[in-house]
Amino acid sequence: MTTQSTYALLCAELKRLDKLESIGGVLGWDEQVNLPPGSADLRAEQNAVYSELVHREWTRPQLGEWIASLRERSGELDEGARRVVEEAGRKYDERTKLPPEFVARKAAASSRAYQAWVAARGASDYASYEPHLREQIELALEQAAHLGREADPYNYWIDQFDPGMTQAAVEALFTPLREELVPLVRQIVESPVKPDESLLRGFPVDAQEVFLREVITRLGFDFKRGRLDRAVHPFCGGHPLDVRLTTRFHVDNPLDSLFSSVHETGHGLYEQGLPPEHVGTALGEAAGMAAHESQSRIWENQVARSRAFWRYWEPRYRELFADRLDGVESDALYLAVNAVAISPIRVDSDEVTYNLHIMLRFELEKRLMDRSLDTRDLPGAWNELSAQIVGHRPRNDREGCLQDVHWSGGAFGYFPSYTLGNLLAAQLWETVNKQIPDLQERFAEGDYRPLLDWLRQNVHALGKRYKTDALARRVTGTGLSIHPLLRYLREHYLPLYTA
Ligand code: ZN
């Protein structure tokens, strides 16, 4: 068989597997949005059967033979096709080199750890969760060893989320970023200018939803190939051809719903912008978690916190919430939208302090992965480092090391993606503003098409053709860099917080 015909067979099979996996996306969304509580056991059994089917289809020897043959003849493939084979090979190896016994043991341990985490967080009782976290770390190390990465497990895990990134590469960015960010945060939070967050209380939920849908539609989310529903946690799931967004509403915190939804919309716009003819292969897949996060953050922060955005939307906001905003000055509203404060909780943090929370987790993950930190000592290490990096010492484990779900599911190496995404978002922002000088004027008219088209062309259309750093280099002229983010934060926040 010719190389090209083998490649065609591989792509057809990958697209078929993608259809199969997309069913899991619908099931996952349904579980968060619709599932009656009494049916949770049935859903767990459905998930188990479904996972087994996906695993069986992904590990068929024929698929392995095509991949092996194309790996040998990769010189005959173009660059894009080589990426497709490389990624398919990576996924195939993951599924065939991990013993079924290990996969089942890990799934069971993760679901126990998640339950234990929920209970422990509620009671701020780290001791009851500690054995589960210990087990998750052992499983993460064991998985890396099955894939031949026992010598550098943390690099294996970082690469899972951001292809090509390593602990050393992350460190080379985070160390100087921290040195610049800590004094900048201090300068802002110690400013005599204080946002009045009490302005944003008592906003009826139905009007919030009306506003939100108007915003999301105008940003360019395609509701013919996507939905927005209510769930406990905001997320973006589904499939590029059927994107499912969720949000939640609080009467006394309208910005939480607005910004988290714009964030998820950014993820959704990326998915909807992937080239449909390649969906199922690496050329129709997001480049990695940092790239994904760059898309959500650029819409959430650079766009939706900008003056130009609020110039257009403020009249409509005032119309919908007239009794709340009567007598509130525009500048006061804008400052409340851009409130900066040190919070103990990562997910409640603003874009200035957020990255400090990530650096804290990165430091601890390194130590957990190389076993220089024992899980029994985690709370103390967390609190100490939090005081140093974030500038806040947690009062209990609930607002300390129990606050995030990630480690309970074995997601080590995921946290750095958030900050890498913020770096990339700022790099893209600087580049697009140079290339489209009237971008902000267009925002002030409610026109986001130029930005969306630029992102479609420069990021979305590329799929997973390039690894994270190479993508940044290709689109912005440099690899991942801290300077555009620091310039953006200084230019955006210092004028606001200077009396
Ligand atoms: Zn996100």
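Before reading on, note that the structure itself is shown above.
Here goes a summary of the coordinates provided. (Residues numbered from 1 in each chain as written. Predicted model: local features only at pLDDT ≥ 70, side-chain atom pairs only at ≥ 80, totals over all residues. Heavy atoms only, no water.)

## With respect to the overall build of the protein chain
- The helix and strand inventory of the protein chain stands at 21 helices and three strands.
- Put simply, the protein chain has 499 residues, and 56% of those count as buried.
- Contacts spanning at least 24 positions in sequence make up 74% of the contacts within the protein chain whose residues lie at least 6 apart.
- Both charge centroids of the protein chain, one from 59 positive and one from 74 negative side chains, sit 2 Å from each other. (Helix = DSSP H or I, 4+ residues; strand = E, 2+ residues; numbered from the N terminus. Buried < 20%, exposed > 50% of the residue type's maximum accessible area, 1.4 Å probe, protein only. Contact = heavy atoms within 4.5 Å. Lys, Arg positive; Asp, Glu negative; His and termini not counted. Charge placed at Lys NZ, Arg CZ, Asp CG, Glu CD.)

## A few points about the nonpolar core
- Core analysis: the largest hydrophobic core is formed by 131 residues, its most contacted members being Trp299, Tyr317 and Trp407.
- In this structure Trp299 touches Leu219, Val262, Gly266, Leu269, Ala304, Tyr448, Leu451, Leu452 and Leu455, once residues within four positions along its chain are discounted.
- Leu14, Leu17, Val54 and Ala88 belong to the second-largest nonpolar core, a separate cluster that totals 21 residues. (Core = buried A, V, L, I, M, F, W, Y, C linked by side-chain atoms within 4.5 Å.)

## Observations regarding the coordination of the zinc ion
- Coordination of the zinc ion by the protein is provided by His263 (NE2), His267 (NE2), Glu293 (OE) and Glu293 (OE), with metal-donor distances spanning 2.1 to 2.8 Å.
- Geometry at the zinc ion is irregular, judged from the four donor atoms that bind it and their angles of 48 to 123° at the metal.
- The sequence pattern describing where the donors of the zinc ion fall on their chain is H-x3-H-x25-E. Within this pair, whereas His263 is found in helix H10 (residues 254-273), its partner Glu293 is found in helix H11 (residues 289-303), the two being separated by 30 residues in sequence. (Donors = N, O, S within 2.8 Å, 3.2 Å for Na, K, Ca; no water. Tetrahedral: all angles 85-135°; square planar, octahedral: opposite > 155°, others 65-115°.)

## Regarding the packing of aromatic side chains
- Taken as a whole, this structure holds 26 aromatic pairs when the rule is applied.
- Residues Phe174 and Phe362 carry aromatic rings whose centres are separated by 5.2 Å and whose planes lie at 75° to one another, so their mutual orientation is edge-to-face. With Phe174 in helix H8 (residues 167-189) and Phe362 in helix H15 (residues 354-369), the pair connects residues that are 188 residues apart, well separated along the chain.
- Since its relative accessible area comes to 1%, Phe362 is described here as buried.
- Among the aromatic residues, ring-to-ring pairing joins Phe203, Phe211, Trp299, Phe309, Trp310, Tyr312, Trp313, Tyr317, Phe321, Trp429, Phe443 and Tyr448 into one connected group.
- The cationic tip of Arg297 hangs over the ring face of Tyr354; the distance from NZ or CZ to the ring centre is 4.4 Å.
- For the cation-ring pair, Arg305 lies above Phe259, with the distance from its terminal atom to the ring centre recorded as 3.8 Å. (Phe/Tyr/Trp six-rings, centres within 6.5 Å; stacked < 30°, edge-to-face > 60°. Lys NZ or Arg CZ within 6 Å of the ring centre and 35° of its normal.)

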